[in-house]
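Residue-level structural notes
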Amino acid sequence: MSEHIKPPWWLKPANKVFIQMSRLGMSFGGESPVVLTVPGRKSGTPRSTPVTPMTLDGTRYVVGGFPGADWVQNVRAAGEVTLRRGRNTERVRMVELSGEDAKPVLRAFPTEVPTGVGFMKRSGLVKDGRPEEFEALAGRCAVFRFDPI
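Calculation notes
- Residues numbered from 1 in each chain as written.
- Predicted model: local features only at pLDDT ≥ 70, side-chain atom pairs only at ≥ 80, totals over all residues.
- Heavy atoms only, no water.
- Helix = DSSP H or I, 4+ residues; strand = E, 2+ residues; numbered from the N terminus.
- Buried < 20%, exposed > 50% of the residue type's maximum accessible area, 1.4 Å probe, protein only.
- Axes fitted to C-alpha atoms, helices over the stretch in contact; angles between N-to-C directions.
- Parallel < 35°, antiparallel > 145°, perpendicular 65-115°, else oblique.
- Contact = heavy atoms within 4.5 Å.
- Nonpolar A, V, L, I, M, F, W, Y, C, P; charged D, E, K, R; others polar.
- Salt bridge = Lys/Arg side-chain N within 4 Å of Asp/Glu carboxyl O.
- Polar contact = N/O pair within 3.5 Å; in protein donor to acceptor, adjacent residues only side chain to side chain.

1. As for the environment of Leu106
- Positionally, Leu106 belongs in helix 3 (residues 99–112).
- Looking at Leu106, the relative accessible area reads 0%, which means it is buried.
- The spatial distance from the C-alpha of Leu106 to the C-alpha of Val63 is 7.5 Å, given a sequence separation of 43 residues.

Written out as structure tokens, the structure is:
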């Protein structure tokens, strides 16, 4: 999973807006994003990014939007993160799934997180946004399971 795709130029400014919206408890696109905060792997400084978890069979997951994302690398180093939505804060352990275990989660992604499909298309990771295309990202895009602490 060492592949690195450069994020679009607009991602950081958009993330700042989404973080503020999430802190206010607002949703966008009909989905409920959270602010994931993790210590930076080099500096230790808390780094925040909005993510949209999805729930399958009672278990929560999140998909890394593109290979090499900084937040993904920070989570791999730290293992534990803080999730925040509005006034609610929660500590969780993030467990990265193997490529094989990630396939059903990735296959469900376009249905469960439709706003993420456009981002993945613009990033060039998928063409049409079909479930099979997302499933084929197993081993390229990180998928994490949230485990309570």
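2. Digging into the packing of helix 3 against helix 4 (residues 114–122)
- Packing of helix 3 against helix 4 leaves a shortest axis separation of 6 Å and a crossing angle of 110°. On the basis of their axis angle, the class for helix 3 and helix 4 is roughly perpendicular. Along the contact surface, helix 3 presents Phe109, Pro110, Thr111 and Glu112, while helix 4 presents Pro114, Gly116, Val117 and Met120.
- Residues belonging to the contact of helix 3 with helix 4 are distributed by class as follows: 5 nonpolar, 2 polar and 1 charged.

3. Comments concerning the pattern of salt bridges
- Going through the model one piece at a time under the given rule, you end up with 11 salt bridges.
- As a salt-bridge pair, Glu80 and Arg91 come within 3.2 Å of each other at their nearest N and O atoms. With Glu80 in strand 5 (residues 80–85) and Arg91 in strand 6 (residues 88–96), this pair connects stretches of sequence that are 11 residues apart.
- A relative accessible area of 26% means that Glu80 is categorised as partly exposed.
- Among the charged side chains, a network of salt bridges with common partners joins Arg107, Asp128, Arg130, Glu132 and Glu135.

4. Quick notes on the side chain of Thr82
- Tracing the chain through its elements places Thr82 in strand 5.
- A polar contact of 3.0 Å, which involves the side chain of Thr82, links it to the side chain of Arg91.
- In this structure Thr82 touches Val35, Leu36, Thr37, Thr89, Glu90 and Arg91, once residues within four positions along its chain are discounted.

By themselves, these are just geometric observations and shouldn't be taken as functional.
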